[in-house]
Amino acid sequence: MLTRIKDIATQLAPRLIEIRRHIHSHPELSGNEYQTSAFVAGVLSSCGIHAEEGVGKTGVIGEIKGNGKDSRTLAIRTDMDALPITECTKLEFSSRQTGIMHACGHDVHTTVGLGTAMILSQIAQELPGKVRFLFQPAEEIAQGASWMVKDGVMENVDAVLGVHVFPSIPAGSIGVRFGALTAAADDLEIIIIGESGHGARPHEAIDAIWIASQVITNLQQAISRTQNPLRPVVLSIGKIEGGRAPNVIADRVQLLGTVRSLHPETRNQLPSWIEQIVANVCNSYGAKYQVNYGQGVPSVQNDYAITKIIQLAAEEAWGDDAVQVLPEPSLGAEDFSMYLEHAPGSMFRLGVGFTDRMINYPLHHPLFDVDESAIVTGVVTLVYTAYKYFLSDISE
Ligand code: NI
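Described in the following lines is the structure provided in the data block. (Residues numbered from 1 in each chain as written. Predicted model: local features only at pLDDT ≥ 70, side-chain atom pairs only at ≥ 80, totals over all residues. Heavy atoms only, no water.)

For a metal with four tetrahedral donors the ideal donor-metal-donor angle is 109.5 degrees, whereas six octahedral donors ideally subtend 90 or 180 degrees. The coordination sphere of the nickel ion contains the protein donors C104 (SG), H106 (NE2) and H164 (NE2), at a distance range of 2.1 to 2.3 Å. Written as a sequence motif, the donor arrangement for the nickel ion is C-x1-H-x57-H. With a gap of 60 residues between them, C104 in the loop between β3 (73-79) and α3 (106-122) and H164 in strand β5 (residues 159-170) connect regions that are remote in the sequence. Residue classification places C104 among the buried residues on the basis of a relative accessible area of 6%. (Donors = N, O, S within 2.8 Å, 3.2 Å for Na, K, Ca; no water. Helix = DSSP H or I, 4+ residues; strand = E, 2+ residues; numbered from the N terminus. Buried < 20%, exposed > 50% of the residue type's maximum accessible area, 1.4 Å probe, protein only.)

Right, here's the structure in full:
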């Protein structure tokens, strides 16, 4: 079966590169993936897969039934949106949309999803169970997965696979990780309310800017002294707004930030922990405060058994040396975790780095580029993993 899958993938390679370049030159921002989803639906239909558009707003789903010997359904998720970045690569198939670029490789993900669908549709008779393709919009704004789940895409799904390109792994290799892959990313807003006054007479006012600086300092120090150092928490204040004039003491400051964590228990105690620190500082100096903690996406926790299937499938396909077990998670976020609230699954990293280049630019960089040979690596890995999943006895 593996040889057959590899042969079909090799034959499809030129077409897949063409597809990837088409998507790359026509990037669309999160929630606006109209052309991309119409294109995806067209390709799915051309391989005999009924495509449903408008799922999760601008997402597309398609399903391959298999031969029915296994009642399980495996979902494969690929995201489709681009970023508000001006591409500087000067590639012949560069973005034709000024200020929009596929700088996170979602063009590759979409192509890999389509290639996987093309091959699985050809071997459907030998595929024991169902495979459902989730072409997701709006990953970059961490919304698309929720939209898809709300529209029922995870109903009757027993396991879910995901893939993300990774420029620091060479093309031809993949990275798997057992357990946490990415962090939970929550939003934080803190408002400090003081009392305005003359800059020359601070004792008659309550200085919200000074108190805000104490809040920030206390939060950063408290992380190092009161959070378990083996369970990382990153809190970054990215925006401060407050004050009216150089000689007027500010009565209101707004702090906006992001809070990242890996462990669900750690995450659960963060809202009250932050509020307590803000309260302590503000109460000391007579200020009022508001803390608004917005739950973002949870951490991606890869399922052990499913990750093992990916690892073994990839090792069989590409050799043991081509499969890295990633030693560390990332504190980035991925809304793939929203699917994992409904079924176990695993996301692997697809190497797209050029081995003959000194620099492989990182994700979200205007010069980000991928070695397109990775597309076949991704497709074969997903197809063979799907096949092997149905040979496994992971129970629902
Ligand atoms: Ni991405």
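The structure having been displayed, the exposition proceeds.
Our focus in this paragraph is the packing of helix α7 (residues 304-318) against helix α9 (residues 374-391). In the contact formed by α7 and α9, the axes pass within 9 Å of each other and the chain directions differ by 125 degrees. Classified by the angle between their axes, α7 and α9 sit oblique to one another. Note that α7 runs across α9; the crossing there is right-handed. Where α7 abuts α9, its residues I309, I310, A313, A314, E316, A317 and W318 lie against V376, T377, V380, T381, Y384, T385, K388 and Y389. (Axes fitted to C-alpha atoms, helices over the stretch in contact; angles between N-to-C directions. Parallel < 35°, antiparallel > 145°, perpendicular 65-115°, else oblique. Left-handed = near helix turned anticlockwise from the far one by under 90°. Contact = heavy atoms within 4.5 Å.)

The strands that make up a sheet are held in pairs by hydrogen bonds between backbone atoms, and each pair lies either parallel or antiparallel. Across the sheet, which stays open at both edges, the 4 strands sit in the order β10-β12-β8-β13 with antiparallel pairing between neighbours. Two strands lie at the open edges of the sheet, namely β10 (233-242) and β13 (288-297), each paired on one side alone. Between one strand axis and the next, the sheet turns through 15 degrees on average, direction left out of account. Across 9 bridges, the pairing between β10 and strand β12 (residues 252-261) is antiparallel. Residue S236 lies in a different strand from β12, and its bridge partner there is T258. Contacts from helix α6 (residues 264-285) reach β8 (184-193), β10, β12 and β13 within the one sheet, and its direction differs from that of β13 by about 165 degrees. (Pairing = 2+ DSSP bridges.)

Another aspect to go through is unusual backbone geometry. In most cases, non-glycine residues show a negative phi, while peptide bonds are predominantly trans. Phi at K57 is positive, roughly 65 degrees, even though this residue is not glycine. By the secondary structure assignment, K57 is in the loop between β1 (51-55) and β2 (59-64). Given a relative accessible area of 53%, K57 falls into the exposed group. Although it is not a glycine, N156 sits at a positive phi angle of roughly 65 degrees. Considering the arrangement of structural elements, one finds N156 in the loop between α4 (144-150) and β5.

Glancing now at the pairing of strand β16 (residues 345-353). The element β16 is largely enclosed, with a buried count of 9 among its 9 residues. Neither face of β16 is exposed, since G345, M347, R349, G351 and G353 on one face and S346, F348, L350 and V352 on the opposite face are all buried. Sheet topology places β5 next to β16; 8 bridges connect them, and they run parallel. Looking across to β16, one finds that H164 is bridged to R349. Bridge count for strand β6 (residues 174-176) against β16 is 2 bridges, and the pairing is antiparallel. Note that in β16 the partner of I174 across the bridge is L350.

The next thing to look at is the pattern of salt bridges. Here the structure, examined in full by the defined rule, presents 18 salt bridges. The closest approach of N and O atoms between R231 and E265, which form a salt bridge, is 2.6 Å. Taken together, the residues span a long stretch of sequence, with R231 in the loop between α5 (208-226) and β10 and E265 in helix α6 at a distance of 34 residues. Given a relative accessible area of 29%, R231 falls into the partly exposed group. Taking the relative accessible area as the measure of exposure, E265 reaches 46% and is therefore partly exposed. Several salt bridges converge on common partners, so that one network encompasses R20, R21, D107 and E372. (Salt bridge = Lys/Arg side-chain N within 4 Å of Asp/Glu carboxyl O.)

Purely geometric stuff here, so don't read any function into it on its own.
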